[in-house]
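Working through the structure, step by step
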Amino acid sequence: MTWQFVIDLDELEIGEVKEVSLDSKISVVALRTDDFVRVIPPLCPHMEEPLRHGFCEGNTVTCSKHFWEWNANDGSVLESADKPLHMYESKVENGKVFAFIEEEFSYEYD
Ligand code: FES
């Protein structure tokens, strides 16, 4: 795969965390802050909670289940998380969000 269209920017509010199906097999989650948009895998790296239930405040994204928190810009761990959040390379062009997805990313769970 190459650059994939994810969502129109005007369909993603600031602070929103939204799951999008790219095709019959791959879903991603798009999130938007005041400053940027990022595209991540749909499940939490902790215990597979769908991250569409999570929330984004400022530059922090949080899973709704056990409240692991990550830096929304680069997926690095904040206080409660043990594993980083994978981020697909993404960009916004002409009001459209794209992600570079060579293959679906999935975490290894213990
Ligand atoms: S499942 Fe997301 S923090 Fe535990």
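Notes on the structure follow. (Residues numbered from 1 in each chain as written. Predicted model: local features only at pLDDT ≥ 70, side-chain atom pairs only at ≥ 80, totals over all residues. Heavy atoms only, no water.)

**Section: the pattern of salt bridges**
Scanning all chains against the criterion turns up 4 salt bridges. The salt bridge partner of Lys18 is Glu16, with a shortest N-O separation of 3.9 Å. Of the charged contacts, one joins Glu93 and Lys91 as a salt bridge, the two residues approaching to 3.4 Å between their closest N and O atoms. The class of Lys91 is partly exposed, set by a relative accessible area of 28%. (Salt bridge = Lys/Arg side-chain N within 4 Å of Asp/Glu carboxyl O. Buried < 20%, exposed > 50% of the residue type's maximum accessible area, 1.4 Å probe, protein only.)

**A word on the sheet that holds strand β3 (residues 27-32)**
The sheet built from 3 strands is open, its strands ordered β2-β3-β4 with antiparallel pairing. Unpaired on one side and paired on the other, β2 (17-21) and β4 (37-40) mark the two borders of the sheet. Going from strand to strand, the sheet's axes swing by 25° on average, the running direction of each strand aside. (Pairing = 2+ DSSP bridges. Helix = DSSP H or I, 4+ residues; strand = E, 2+ residues; numbered from the N terminus. Axes fitted to C-alpha atoms, helices over the stretch in contact; angles between N-to-C directions.)

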